[in-house]
Amino acid sequence: MAAFPEIGKIQYEGPTSKNPLAYRHYNAEEVIEGCTMKDHLRFSVAYWHTFRCGGADPFGAPTALRPWDDGSESVENAIRRVRVAFEFFEKLGNPFYAFHDRDIAPEGSSLAETNRNLDAVVKILREEQDRTGVQLLWGTANLFSNPRFMHGASTSSNADAFAFAAAQVKKCLEVTHELGGSGYVFWGGREGYQNLYNTDMKRELDHMGRFMHLAVDHAKEIGFQGTFLIEPKPKEPTKHQYDSDAAACINFLRAYDLTDTFKLNLETNHATLAGHTMMHEMDYAGVQNMLGSVDANTGDLLLGWDTDQFPTDLYLTTQVMLMALKYGGLAPGGLNFDAKVRRESFEPVDLFHAHIGGMDAFARGLKIASSIRADGELSEFVQQRYRTWESGVGAEIESGQASFTSLEQYMLEKGDIAPNLSGRQEMLEHLINRYL
Ligand code: XUL
Ligand code: CO
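Residues numbered from 1 in each chain as written. Chains lettered and ligands numbered in written order. Predicted model: local features only at pLDDT ≥ 70, side-chain atom pairs only at ≥ 80, totals over all residues. Heavy atoms only, no water.

Caption draft 1: Examining the domain arrangement of the protein more closely. Partitioning the protein into structural domains gives domain 1 (11-375) and domain 2 (380-435). Domain 1 and domain 2 are separated by 40 Å when their C-alpha centres are compared. Across the contact, 5 residues belong to domain 1 and 4 residues belong to domain 2. Taking both sides of the interface into account, the surface hidden between domain 1 and domain 2 amounts to around 440 Å²; carbon and sulfur atoms contribute 66%. (Domains from an automatic or database assignment. Contact = heavy atoms within 4.5 Å. Buried area = accessible area lost by both parts, 1.4 Å probe.)

Given below as structure tokens:
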């Protein structure tokens, strides 16, 4: 029986359509810059929010109506949910999905039973992937919900927590591999501290580095060739998360010699919490060849926590797509909607409204970003702004020919610097508005 009987396959109806259950801009096969929208955007649905989130908050119970879900932590319920999820994916037309091990299957009373539960659900996921062609973007292990991880997982003060986490990630990597996932994500969860009086920071960071190497070793052993990704996020849930932003993660990966096997999965709301724009996080990761994938969502600038909302702001999606295009696309990563409907949007159809709105906002952002690039005014301006580096002293510095002594000599002769171009921020912001 269909879970969404009144909804058919969502169609592209073009920019003038007033049908909320249609795409106005996302036209999967339309080619932009030599590649289809589907391949540029690589949309993924987050299983945890879309199929496990009931809308509970610290002040109230779940509100979501999910008629297919009996609320039990049984394997039967988990399997029924998988069928519903794939009906949703087929109708929405997203090519990918992503999960945590504990979203898709219930924990048992022992690790062995938990693994058996996972296997039973993975079998159905495989079946549904084969039936629909929807693929796994990435898998990840939930190393934060269970009380055993109260002090962290790989950074726990308790070595048994590290060992449990290792066993859990081993299994999760294996099922991600079995399902053909193109990546494997580590979000820090509780890898951080609440208080430095009780924390041996060096030991915790060393343990986290060791953990990542063990994961890389196991991936080699089982033949998993997907990308490992770290997902930066500050503040939540600990006071200080070790993976607080792109810069901190890249520094960690360099310090522990992991840059060959890892990239970053950047999330918009996490960038906001870190005091950065998403454009900054993507540019920073991009220049260091560490841009892996995106958790596409947005926060609320009036609220200081991770609200995980669906992105509809065209400036944001344009900026994300400008960065994605600049660094050669997101593949094998994608745009994973790590976003949940508001507690008040409690009906099943809201899941469609949310994703359609997000997908269309990104499709439009892609078109806008591509027009900005085609016109070339922005890049021309940037090139002009740095023109003093193209020849003369600039070229000597960049090529390593200059020394402090040669530069002193140059300036003694020249006397002072000539004024440069205005930064023209206001003109450029106005220019961007022309495309929206
Ligand atoms: C938490 C978060 C996670 C990761 C995967 O804020 O974003 O859902 O995306 O663990
Ligand atoms: Co995320």
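Caption draft 2: Seen up close, the packing of helix α6 (residues 159-178) against helix α7 (residues 201-222). The contact between α6 and α7 brings their axes to 10 Å, and the two run at 35°. For the element pair α6 and α7, the recorded crossing hand is right-handed. On α7, the residues that touch Phe 162, Ala 165, Ala 166, Val 169, Lys 170, Leu 173, Glu 174 and His 177 of α6 are His 207, Arg 210, Phe 211, Leu 214, Ala 215, His 218, Ala 219 and Ile 222. Looking at the contact of α6 with α7 residue by residue, the class counts come to 10 nonpolar, 3 polar and 3 charged. (Axes fitted to C-alpha atoms, helices over the stretch in contact; angles between N-to-C directions. Helix = DSSP H or I, 4+ residues; strand = E, 2+ residues; numbered from the N terminus. Left-handed = near helix turned anticlockwise from the far one by under 90°. Nonpolar A, V, L, I, M, F, W, Y, C, P; charged D, E, K, R; others polar.)

Caption draft 3: View of the packing of aromatic side chains. For the coordinates displayed, the defined rule picks out 30 aromatic pairs. Between Tyr 26 and Phe 43 the ring centres are 5.1 Å apart and the planes differ by 75°, which places this aromatic pair in the edge-to-face class. Linking Tyr 26 in the loop between β2 (22-23) and β3 (31-32) with Phe 43 in strand β5 (residues 43-46), this pair joins segments that are 17 residues apart in sequence. In terms of burial, Tyr 26 and Phe 43 fall into one category: buried. Centroid distance Phe 186 to Phe 228: 6.0 Å. Interplanar angle 25°. Geometry classified as stacked. Here Phe 186 is found in strand β8 (residues 183-187), whereas its partner Phe 228 is found in strand β10 (residues 227-231), with 42 residues between them in sequence. Using a relative accessible area of 3% as the deciding quantity, one classes Phe 228 as buried. One aromatic cluster is present, formed by Phe 4, Tyr 47, Phe 51, Trp 68, Phe 86, Phe 88, Phe 89, Tyr 97, Phe 99 and Phe 352 through successive ring pairs. The side chain of Arg 148 reaches across the aromatic face of Phe 164, ending 3.8 Å from its centre. (Phe/Tyr/Trp six-rings, centres within 6.5 Å; stacked < 30°, edge-to-face > 60°. Buried < 20%, exposed > 50% of the residue type's maximum accessible area, 1.4 Å probe, protein only. Lys NZ or Arg CZ within 6 Å of the ring centre and 35° of its normal.)

Caption draft 4: How the structure looks around a nonpolar patch on the surface. A grouping of Val 382, Tyr 386, Trp 389 and Ile 397 is seen on the molecular surface, where their side chains present a nonpolar patch of about 350 Å² in accessible area. Of note, Trp 389 is situated in the loop between α13 (377-385) and α14 (392-398). Residue classification places Trp 389 among the partly exposed positions, given a relative accessible area of 34%. (Patch = residues over 30% accessible without salt bridge, like charges linked within 9 Å, V, L, I, M, F, W, Y side chains within 5 Å. Areas by Shrake-Rupley, 256 points an atom, 1.4 Å probe, with all protein chains shown as cover. Salt bridge = Lys/Arg side-chain N within 4 Å of Asp/Glu carboxyl O.)

Caption draft 5: How the structure looks around the site of ligand 1. Around ligand 1 lies a shell formed by Trp 48, His 100, Trp 138, Trp 187, Glu 231, Lys 233, Glu 267, His 270, Asp 295, Asp 306 and Asp 338. At 3.4 Å, a side-chain N or O of Trp 48 approaches an oxygen atom of ligand 1. Taking 290 Å² as the accessible area of ligand 1 by itself, protein coverage stands at 94%. Classifying every residue of the shell around ligand 1 gives 3 nonpolar, 2 polar and 6 charged. (Near = heavy atom within 4 Å. Polar contact = N/O pair within 3.5 Å; in protein donor to acceptor, adjacent residues only side chain to side chain.)

Caption draft 6: Main features of the coordination of the cobalt ion (ligand 2). Each protein donor to the cobalt ion (ligand 2) is listed here as Glu 231 (OE), Glu 267 (OE), Asp 295 (OD) and Asp 338 (OD); together their distances run 1.9 to 2.1 Å. Mapping the donors of the cobalt ion (ligand 2) onto the primary sequence yields the spacing E-x35-E-x27-D-x42-D. Separated by 28 residues along the polypeptide, Glu 267 in strand β12 (residues 262-267) and Asp 295 in strand β13 (residues 291-295) bring together distant segments of the chain. Looking at Asp 295, the relative accessible area reads 0%, which means it is buried. (Donors = N, O, S within 2.8 Å, 3.2 Å for Na, K, Ca; no water.)

Caption draft 7: Molecular detail of the sheet that holds strand β14 (residues 335-337). Read once around its circumference, the closed barrel built from 8 strands follows the order β5-β6-β7-β8-β10-β12-β13-β14, with strand pairing classed as parallel. For this sheet the average axis-to-axis angle between neighbouring strands, irrespective of direction, equals 30°. One ladder, built from 3 bridges, connects β5 with β14; its direction is parallel. Residue pairing in the sheet places Val 45 in a bridge with Phe 337 of β14. Packing against the sheet, α7 makes contact with β8, β10 and β12, and its axis sits at approximately 155° to β10. Lying on the sheet, helix α10 (residues 278-287) is in contact with β12 and β13; it crosses β12 at an angle near 170°. (Pairing = 2+ DSSP bridges.)

Caption draft 8: Region of the structure containing the environment of Trp 187. With respect to the helices, strands and loops of the structure, Trp 187 is situated in strand β8. Accessibility expressed as a relative area gives 21% for Trp 187, which makes it partly exposed. Separated by 45 residues in the primary sequence, Trp 187 and Pro 232 place their C-alpha atoms 6.9 Å from one another.

Caption draft 9: Representation of unusual backbone geometry within the structure. For the peptide bond that leads from Glu 236 to Pro 237, omega is 0°, which places it in the cis range. In this chain, Ala 331 is followed by Pro 332 through a cis amide linkage whose omega measures 5°. Position of Pro 332 among the secondary structure elements: in the loop between α11 (314-326) and β14. Although it is not a glycine, Lys 235 adopts a positive phi angle of roughly 70°.

Caption draft 10: Representation of the pattern of salt bridges in the model. The full count for this structure, using the stated rule, is 20 salt bridges. When the shortest N-O distance is used, the salt bridge between Glu 107 and Arg 102 registers 3.9 Å. Judged by its relative accessible area of 14%, Arg 102 is buried. For the salt bridge of Arg 434 with Glu 377, the shortest nitrogen-to-oxygen distance reads 2.6 Å. With Arg 434 in the segment after α16 (425-433) and Glu 377 in helix α13, the pair connects residues that are 57 residues apart, well separated along the chain. According to the relative accessible area criterion, Arg 434 is exposed, its value standing at 53%.

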